[in-house]
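# Observations on the three-dimensional arrangement
Residue-level listing of the chains:
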Amino acid sequence: MSRTDAEILWEVACGLARTAAGVSRRPGAAPALPPLLFFTDPARTPRPWETAARLPAGAGVVFRHFGAPDAHAVARRLRETTTAAGVRLLIGLDAGLAAEVGADGVHLPEHALGQAEALAAAHPDWLVTGAAHGADGVARATGLDAMVLSPVFPAGGASAVRPALGPAGFKALAAAAARPVYALGGISARNAAGLIGCGACGLAGVEAIQAAFGTP
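Residues numbered from 1 in each chain as written. Predicted model: local features only at pLDDT ≥ 70, side-chain atom pairs only at ≥ 80, totals over all residues. Heavy atoms only, no water.

Let us now look at the nonpolar core. Residues Leu 55, Ile 91, Phe 170 and Leu 203 are the most contacted members of the largest nonpolar core, which totals 57 residues. Take this core: its biggest share by element is six residues, from helix H1 (residues 5-19). Sequence-distant contacts of Phe 170, that is, excluding residues within four places in its chain, are made with Leu 149, Val 152, Leu 165, Val 181, Tyr 182, Ala 183, Cys 198, Gly 199 and Ala 200. Judged by nonpolar contacts, the second largest core, of 14 residues, contains Phe 39, Val 62, Leu 90 and Cys 201. (Core = buried A, V, L, I, M, F, W, Y, C linked by side-chain atoms within 4.5 Å. Buried < 20%, exposed > 50% of the residue type's maximum accessible area, 1.4 Å probe, protein only. Helix = DSSP H or I, 4+ residues; strand = E, 2+ residues; numbered from the N terminus. Contact = heavy atoms within 4.5 Å.)

Structure, rendered in structure tokens:
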């Protein structure tokens, strides 16, 4: 029987997580990182709770609202869905909204990495992740539980303007990081296995995860 895209992505993500389990993390942080992170986008994932409901227990959702007027309503719905599914919920940049809905942490864009240490100190039970797109971001990513490095492969969305790192480029930057590193950007069930051995602690994605785990 052939495996579905969802099964392939989850299997690769869990394998990467097991391999990277010994990488150092922020002292006192929560013990386990989600192997798979579903990144939302108001335009590309308009009903993210549907995908969140179908994610495997232990996965994570990063809700990025980019100032959308329904941000609070969607965040509350995602919190209800992720709690029922056993999935972690991180809120993009908005620590106030994360606290309001009882999220499991925050995800910081690269320009806001300077907030990581203060957030980690104020909320020691939160997961704090942050984006990086090159050597400068990797060097500035202190105070994080994990970094999300992109784009690994040619990607859409905001990552489309940046050249793809490729597996070799990703591996070099991941090796320079003092914390676990997720792979994001252009990842699909067809190329995910190519990241085995590149130092990733898990996979992250937008449309590929929505397509694989979305409503049938």
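Another point: the pairing of strand S3 (residues 88-92). Counting buried residues along S3, four of its five residues qualify, which places the element largely inside the surrounding structure. As paired elements, strand S2 (residues 60-63) and S3 share four bridges and run parallel to each other. Bridging across to S3, Val 62 finds its partner in Leu 90. In this fold, S2 hands off to helix H3 (residues 71-85), which returns the chain to S3; that crossover is right-handed. On the question of chirality, the crossover connecting S3 to the parallel strand S4 (residues 105-108) by way of helix H4 (residues 95-101) is right-handed. (Pairing = 2+ DSSP bridges. Right-handed = clockwise from strand over helix to strand, strands pointing away.)

Here helix H7 (residues 166-176) has its buried residues at Gly 166, Phe 170, Leu 173 and Ala 174. For H7, the arc enclosing every buried residue in end-on projection is 105 degrees, short of the 170-degree limit, so these residues lie on one face. Counted as exposed and oriented over 90 degrees from the buried face of H7: Ala 168, Ala 172, Ala 175 and Ala 176. Residues of H7 that are buried in the fold lie against helix H6 (135-140), strand S6 (146-149) and strand S7 (181-184). (Arc of directions from axis to C-beta.)

Strands sit in the order S1-S2-S3-S4-S5-S6-S7-S8 around a closed barrel of eight strands; the barrel is parallel. Taken over all neighbouring pairs, the strand axes of this sheet differ in orientation by 25 degrees on average, direction set aside. (Axes fitted to C-alpha atoms, helices over the stretch in contact; angles between N-to-C directions.)

Under the criterion given, the structure shown has seven salt bridges. Arg 44 serves as the salt-bridge partner of Asp 41, at 3.8 Å between the closest nitrogen and oxygen. Exposure remark for Arg 44: the relative accessible area of 22% places this residue in the partly exposed category. Of the charged contacts in the structure, one is a salt bridge between Glu 207 and Arg 44, with a shortest N-O distance of 2.9 Å. Taken together, the residues Glu 207 in helix H8 (residues 207-213) and Arg 44 in the loop between strand S1 (36-39) and helix H2 (48-54) connect sequence positions 163 residues apart. Connected through salt bridges with shared partners, the residues Asp 41, Arg 44 and Glu 207 form a single ionic network. (Salt bridge = Lys/Arg side-chain N within 4 Å of Asp/Glu carboxyl O.)

This part is about the pairing of strand S8 (residues 202-205). The alternating pattern of S8 places Gly 202 and Ala 204 on one face and Leu 203 and Gly 205 on the opposite face, and all of these are buried. One ladder, built from three bridges, connects S7 with S8; its direction is parallel. The partner of Ala 183 across the bridge, within S8, is Leu 203.

With respect to the helices, strands and loops of the structure, Thr 51 is situated in helix H2. The residues touching Thr 51, leaving out its near neighbours within four places in the chain, are Phe 38, Ile 209, Gln 210, Phe 213 and Gly 214.

Attention now goes to unusual backbone geometry. Here the bond from Ser 150 into Pro 151 is cis, since omega is -5 degrees, no more than 30 degrees from zero. Mapped onto the secondary structure, Pro 151 falls in the loop between S6 and H7. Of note, Phe 66 is a non-glycine position whose phi angle comes to about 50 degrees, a positive value. Tracing the backbone shows Phe 66 in the loop between S2 and H3. Classification of Phe 66 as exposed rests on a relative accessible area of 57%. Phi is positive for Leu 93, which is not a glycine, with a value near 65 degrees. Counting through the fold element by element, Leu 93 comes out in the loop between S3 and H4.

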